[in-house]
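# Structural description and commentary
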Amino acid sequence: MVLQVTKLSVLIENNDLGNSVRRVVGRMFNDNILSYYSLFGFKQKLSFSSLLSYCVIIDSIRKSVKYNNVPEKDIDNCLDTWLSHAPFRIKKKEAKNLK
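All of the points below concern the structure found in this document. Since this is a predicted model, take the numbers as computed values, not measurements. (Residues numbered from 1 in each chain as written. Predicted model: local features only at pLDDT ≥ 70, side-chain atom pairs only at ≥ 80, totals over all residues. Heavy atoms only, no water.)

Turning our eyes to something else, we now look at the overall build of the protein chain. Secondary structure summary: the protein chain contains six helices and two strands in total. For the protein chain, long-range pairs separated by at least 24 residues make up 60% of all intrachain contacts whose partners lie at least 6 apart in sequence. Approximately 6,600 Å² of the protein chain is accessible, and the part contributed by carbon and sulfur atoms is 56%. (Helix = DSSP H or I, 4+ residues; strand = E, 2+ residues; numbered from the N terminus. Contact = heavy atoms within 4.5 Å. Areas by Shrake-Rupley, 256 points an atom, 1.4 Å probe, with all protein chains shown as cover.)

Next comes the structure, spelled out in structure tokens:
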């Protein structure tokens, strides 16, 4: 797990926490998989926060000096937004492929 955290921490940007979360999650998961999850399992979806991958994401973000003391809630907000928009990104890709 330490090696994965180290590799993913390379994707962290110092400018924006949201972009950093998106880059890490986008590298780890496909939107088709993410569409089955919400952060805490609401709306008959699976709980993303119960996965080991969730801990890897949090640890890789915290590896950056700038985000070392960021509350987990701030990371959760960015992650929750990314998860909730997964179905829309799938539809957008499908529409683009039809053109």
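Let's shift gears to the packing of helix H5 (residues 72–84) against helix H6 (residues 86–98). Relative to each other, H5 and H6 sit at 40°, their axes nearing to 4 Å. Here H6 runs oblique to H5, going by the angle between their axes. Residues Trp82, Leu83 and Ser84 of H5 lie in contact with H6, whose contacting residues are Ala86, Pro87, Phe88 and Arg89. Per-class residue counts for the contact of H5 with H6 are five nonpolar, one polar and one charged. (Axes fitted to C-alpha atoms, helices over the stretch in contact; angles between N-to-C directions. Parallel < 35°, antiparallel > 145°, perpendicular 65-115°, else oblique. Nonpolar A, V, L, I, M, F, W, Y, C, P; charged D, E, K, R; others polar.)

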